[in-house]
Amino acid sequence: VQLQASGGGLVQAGGSLRLSCAASGIFFRINDMGWYRQAQGKQRELVAVITRGRSTNYADSVKGRFTVSRDIAKNTVYLQMDSLKSQDTDVYYCYVNCTLWSRVDLHYWGQGTQVTVSS
């Protein structure tokens, strides 16, 4: 399973960015999809997750500003980031939890995309 993320970049504080992450490969089903972020020297932290049933969960720091969504047919997860703050500057990683045809559940990570918010 491969994940291809896109949409990062440089934006001014108060601006918006939209991240996308498409999964491809051979699998039975994609379960949860979501985004983590990590600053250098810090632990990776959950930003947002969306289940196959489209239930969502967000980090407190992004609630009301970020929106996670998914297109099941396209195996793609999105992160709409509005009202961006300098504190949102990080490398963002998408992830998926897949059920393979062997019925084993595995986690996969994207390559990371840099988001930089200038104040």
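See above for the structure.
Residues numbered from 1 in each chain as written. Predicted model: local features only at pLDDT ≥ 70, side-chain atom pairs only at ≥ 80, totals over all residues. Heavy atoms only, no water.

### Concerning a positive patch on the surface
The grouping of Arg29, Arg52, Arg54 and Arg103 at the surface amounts to a positive patch. Note on placement: Arg29 falls in strand β4 (residues 29-38). Owing to a relative accessible area of 31%, Arg29 belongs among the partly exposed residues under this scheme. (Patch = residues over 30% accessible without salt bridge, like charges linked within 9 Å, V, L, I, M, F, W, Y side chains within 5 Å. Areas by Shrake-Rupley, 256 points an atom, 1.4 Å probe, with all protein chains shown as cover. Salt bridge = Lys/Arg side-chain N within 4 Å of Asp/Glu carboxyl O. Lys, Arg positive; Asp, Glu negative; His and termini not counted. Charge placed at Lys NZ, Arg CZ, Asp CG, Glu CD. Helix = DSSP H or I, 4+ residues; strand = E, 2+ residues; numbered from the N terminus. Buried < 20%, exposed > 50% of the residue type's maximum accessible area, 1.4 Å probe, protein only.)

### Points about the pattern of salt bridges
The full count for this structure, using the stated rule, is five salt bridges. In this structure, the salt-bridge partner of Arg37 is Asp88, at a minimum N-O distance of 3.0 Å. With Arg37 in strand β4 and Asp88 in the loop between β8 (76-81) and β9 (90-99), this pair connects stretches of sequence that are 51 residues apart. The residues Arg37 and Asp88 share a single accessibility class, namely buried. Between Lys63 and Asp60 there is a salt bridge; the shortest N-O distance is 3.1 Å. The exposure class of Lys63 is partly exposed, given its relative accessible area of 48%. In this structure, a network of salt bridges that share partners links the residues Arg37, Glu45, Arg65, Asp88 and Asp90.

### Re the packing of aromatic side chains
Per the stated rule, a full pass over the model turns up four aromatic pairs. On the numbers, 5.1 Å between centres and 70 degrees between planes, the contact of Phe28 with Trp101 is edge-to-face. Placement of the pair is Phe28 in the loop between β3 (17-24) and β4 and Trp101 in the loop between β9 and β10 (105-109), with a sequence separation of 73 residues. The exposed category is assigned to Trp101, whose relative accessible area is 54%. In this structure an aromatic cluster arises from ring pairing among Tyr36, Tyr95 and Trp109. One cation-aromatic arrangement involves Arg44 over Tyr93; the distance from NZ or CZ to the ring centre is 3.7 Å. (Phe/Tyr/Trp six-rings, centres within 6.5 Å; stacked < 30°, edge-to-face > 60°. Lys NZ or Arg CZ within 6 Å of the ring centre and 35° of its normal.)

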